[in-house]
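Structure at a glance
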Amino acid sequence: MIELAALFAVTGAASNAMGTAFQRKAASTLARGGGLRMLLALAHRPVWLIGVGGVVGAALFQALALVNGPMALVQPLFVLELPFALLIAARLMRRRLPGSGWWAIVAVVTGLALVLGSAAPSGAEDQASMVRWFPVLVGCLGAMVAAVVLTRPGRPPLFRAAVLGSAAAVGNALTAALLKSATGTFADHGLRAFLTSWQTYGFALTGVSAVLLLENALQAGPLTASQPALTVGDATVSLVLGVMLFEEHIRTGWWLLPEALGVALVVGGVLKLSHVVAATQAPEPSPEDSLRRPTPPVTS
């Protein structure tokens, strides 16, 4: 079951990365703007529909992964979404991936393998009592609200992006915990129990809140501030929630040394990948821009 959960998690990360890359590719072909008109225009583009399918597929794969394995294993594997997104986006945008990007991908994959191999997450519970849910809900929702209050207009963009990205990470982790509980209810008791479970509506609300926080984080400041906070924060908070709610286990003792080394590799790789992703998504200058560019003076 652990192997199946890992397979579904990796597939979900790849599917979400594909969906995001294809949606951005479609949006880049439209004039600036938003609203219903833009959405209708995108709906007529096959590339955008492929992107939507990728995001929907990612949600299904995540649910299957959480049903089959511990949250402390599944959610950290979604860190792989960032390398997948970079590889797909570079291909779609016809950009050449620099050598530093490849080394960063190697660092993330190696670090993640080291962390999960050393921690060896285990646990088969998918339900928790309200005694365990209450402090988790208060802590996570309180952190998300506090982030919104702290990032009022006027604060530095780097600070706002990092804090809102962290809040989105908390929201993603809480959504995954609620999703794990809801899908466990569906697997054990059927559709009626799933539709009457409070966790079902909880993961829908927290999921929407996390998306809104992420959108605000991306608008508030550079990707290099929000993406590491989101990627590393989601994995860290998910591991904590897995232990607190579902009594999942990870190895400690001397295993903490290789785990710390793996975390360092992941963080370093994610920081570098965030810079590479930002550069990959930057629009290339058009021929008209090149013609308008001033010619440097000739010096003797």
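Residues numbered from 1 in each chain as written. Predicted model: local features only at pLDDT ≥ 70, side-chain atom pairs only at ≥ 80, totals over all residues. Heavy atoms only, no water.

Section: the overall build of the protein
A tally of helices and strands in the protein yields 13 helices and zero strands. Seen in sequence order, the protein has helices and strands lined up from the N terminus as α-α-α-α-α-α-α-α-α-α-α-α-α. Here the protein, with 300 residues, has 43% of them falling under the buried criterion. In the protein, the proportion of contacts linking residues at least 24 apart, taken out of those at least 6 apart, comes to 83%. Carbon and sulfur atoms provide 70% of the accessible area of the protein, an area that totals close to 15,900 Å². (Helix = DSSP H or I, 4+ residues; strand = E, 2+ residues; numbered from the N terminus. Buried < 20%, exposed > 50% of the residue type's maximum accessible area, 1.4 Å probe, protein only. Contact = heavy atoms within 4.5 Å. Areas by Shrake-Rupley, 256 points an atom, 1.4 Å probe, with all protein chains shown as cover.)

Brief notes about a nonpolar patch on the surface
Taken together, the side chains of Phe-186, Leu-191, Leu-195 and Tyr-201 define a hydrophobic patch exposed on the protein surface, amounting to about 410 Å² of accessible area. Mapping Phe-186 onto the fold places it in helix H8 (residues 157-189). Residue class for Phe-186 comes out partly exposed when judged on its relative accessible area of 43%. (Patch = residues over 30% accessible without salt bridge, like charges linked within 9 Å, V, L, I, M, F, W, Y side chains within 5 Å. Salt bridge = Lys/Arg side-chain N within 4 Å of Asp/Glu carboxyl O.)

A few points about the packing of helix H7 (residues 130-150) against H8
Direction vectors running N to C along H7 and H8 enclose 155 degrees, while the axes themselves pass 9 Å from each other. On the basis of the axis angle, H7 is roughly antiparallel to H8. Crossing of H7 against H8: the hand is left-handed. Residues Trp-133, Val-136, Leu-137, Cys-140, Leu-141, Met-144, Ala-147 and Leu-150 of H7 form the contact with H8, whose participating residues are Phe-159, Val-163, Leu-164, Ala-167, Val-170, Gly-171, Leu-174, Ala-177, Leu-178 and Ser-181. For the contact of H7 with H8, the residue count by class is 16 nonpolar, two polar and no charged. (Axes fitted to C-alpha atoms, helices over the stretch in contact; angles between N-to-C directions. Parallel < 35°, antiparallel > 145°, perpendicular 65-115°, else oblique. Left-handed = near helix turned anticlockwise from the far one by under 90°. Nonpolar A, V, L, I, M, F, W, Y, C, P; charged D, E, K, R; others polar.)

Structural notes on the confidence of the model for the protein
Chain-level pLDDT for the protein is 84 on average; 87% of the residues reach the 70-or-more range. Confidence, read as mean pLDDT per element, is least for helix H13 (residues 287-292) in the protein (44) and greatest for H7 (95). Low pLDDT (under 50) marks residues 285-300, which in the prediction has one contact with non-local residues, meaning those over four places away or in another chain. (pLDDT = per-residue confidence, 0-100.)

Points about the packing of aromatic side chains
For any pair of aromatic rings, geometry is given as the distance between the ring centres together with the angle between the planes. Scanning the entire structure with this criterion turns up five aromatic pairs. Measuring from ring centre to ring centre gives 5.3 Å for Trp-133 and Trp-198, while their planes differ by 80 degrees; the resulting arrangement is edge-to-face. Taken as a pair, Trp-133 in helix H7 and Trp-198 in helix H10 (residues 198-220) lie far apart in primary sequence, 65 residues in all. Residue classification places Trp-133 among the buried residues on the basis of a relative accessible area of 0%. Ring geometry for Phe-186 and Phe-194: centres 5.7 Å apart, planes at 75 degrees, overall edge-to-face. When its relative accessible area of 17% is taken as the criterion, Phe-194 is described as buried. Site record: aromatic cluster; members linked through ring pairs are Trp-133, Trp-198 and Phe-246. The ring of Phe-246 carries Lys-180 above its face, with NZ or CZ at 5.8 Å from the centroid. (Phe/Tyr/Trp six-rings, centres within 6.5 Å; stacked < 30°, edge-to-face > 60°. Lys NZ or Arg CZ within 6 Å of the ring centre and 35° of its normal.)

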